[in-house]
Amino acid sequence: ADLQWQTWPAAAAGPHFIRKTEKPNAVNDLVGSLARSPLVSGEPIREAKLIKTNGSGFMAAILPSGMRAVSTEISPETGAGGFILPNDHVDVILSRRDREEKASGQDGFVSETILTNIRVLAIDQAIEEKGGQKVVVGKTATLELSPRQAETLALARQLGTLSLALRSLADGSKSETEEKAERRGVGINTVRFGVTTTTTPR
């Protein structure tokens, strides 16, 4: 009942529009599909904006093949103050006690980036920005991970505190290998009890 055929100037009709001459049964065939993003009345429908669920849930339908949706707890302190939104990309940082420091009776902590350039699928139950909302302060972030990354995240949750670092849009296309190359040779200075040591990331 939400779909109907309408005339459209041939010169303005894009190649991805659904045309009656090519798919005369489209109105019936598209019943039950989910919209990836909001559609306005009178907007030409493109199949790229629709998902055939085949009875599965929305999250399962939007996940690329081979990927997993894994949730982790966040707070304003560990989630960039609520400025992380669905479809942003983040790095996952693990902060844990230093085993060597703990064995020697001292209280030290270390942090390391365990996952890079990870897409955020949802914050709590929000899978998209709604009503002009620019900040989502949630308690749970759902991340798009490979099976191996999902195992890494599950283990990291048992070892310490996880934080999400929001990435710039300009860095979204960088691979993990490229980022390691950029960091190579950059030393990290650590000061303990007045003694400075330098560590070079691998």
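For the structure itself, consult the block above.
Residues numbered from 1 in each chain as written. Predicted model: local features only at pLDDT ≥ 70, side-chain atom pairs only at ≥ 80, totals over all residues. Heavy atoms only, no water.

J.: I would appreciate a short explanation of unusual backbone geometry in the present structure.
T.: Backbone geometry follows two general trends: most residues other than glycine have a negative phi, and most peptide bonds adopt the trans configuration. One non-glycine residue, N87, adopts positive backbone phi at about 80°. Not every positive phi belongs to a glycine, and N117 is a case in point at roughly 55°. Mapping N117 onto the fold places it in strand β5 (residues 109-123). (Helix = DSSP H or I, 4+ residues; strand = E, 2+ residues; numbered from the N terminus.)

J.: Quick question: what am I supposed to make of helix α4 (residues 147-159) here?
T.: Turn by turn, an α-helix covers 3.6 residues, leaving residues three or four places apart pointing in a common direction. Look at α4: 19 Å from first C-alpha to last across 13 residues, which is about the 18 Å you get at 1.5 Å a residue. Taken together, the buried positions of α4 are A150, L153 and A156. Mapping the buried residues of α4 onto a view down its axis gives an arc of 125°, with all of them on the same face. Of the exposed residues in α4, the ones pointing more than 90 degrees away from its buried face are R148, E151, L155 and Q158. Where the residues of α4 are buried, they touch β3 (68-73), β4 (89-97), β5, β6 (140-145) and β7 (161-166). (Expected span 1.5 Å × (residues − 1). Buried < 20%, exposed > 50% of the residue type's maximum accessible area, 1.4 Å probe, protein only. Arc of directions from axis to C-beta. Contact = heavy atoms within 4.5 Å.)

J.: I keep staring at the pairing of β5 and nothing clicks. Help me out?
T.: Residues in a regular strand project their side chains so that they alternate between the two faces of the sheet. In this sheet, β5 lies alongside β4 in antiparallel orientation, the contact comprising eight bridges. Bridging from a neighbouring strand, I93 pairs with T113 of β5. Judged from the three bridges that link them, β5 and β6 form a sheet pairing that is antiparallel. Looking across to β6, one finds that A122 is bridged to T142. (Pairing = 2+ DSSP bridges.)

J.: Help me understand the pattern of salt bridges in this model?
T.: Side-chain pairs of opposite charge can arise where the charged atoms are in close proximity. Applying the stated rule across the entire model yields three salt bridges. For the salt bridge of D91 with R167, the shortest nitrogen-to-oxygen distance reads 2.8 Å. Of the two residues, D91 sits in strand β4 while R167 sits in the loop between β7 and α5 (176-183), which places them 76 residues apart along the sequence. This pair shows no difference in class: D91 is buried, exactly as R167 is. Linking R96 and E112 is a salt bridge whose minimum nitrogen-to-oxygen distance equals 3.3 Å. Residue R96 is found in strand β4, and its partner E112 is found in strand β5; the two are separated by 16 residues along the sequence. Taking relative accessible area as the criterion, E112 reaches 37% and is therefore assigned partly exposed. (Salt bridge = Lys/Arg side-chain N within 4 Å of Asp/Glu carboxyl O.)

J.: Would you take a moment to explain the sheet that holds β6 for this structure?
T.: Remark on secondary structure: sheet strands pair via backbone hydrogen bonds, oriented parallel or antiparallel. If you trace the five strands from one edge of the open sheet to the other, you get β3-β6-β5-β4-β7, paired in antiparallel fashion. The sheet terminates laterally at β3 and β7, the two strands that pair on one side only. Sheet twist, expressed as the average angle between the axes of neighbouring strands with direction ignored, equals 45°. The sheet contact formed by β4 and β7 spans six bridges and is antiparallel. Bridge pairing in β7 places L94 opposite L162. Of the strands in this sheet, β3, β4, β5, β6 and β7 touch α4, which is tilted by about 15° from β3. (Axes fitted to C-alpha atoms, helices over the stretch in contact; angles between N-to-C directions.)

Scope: geometric values only; no functional claims are made or implied.
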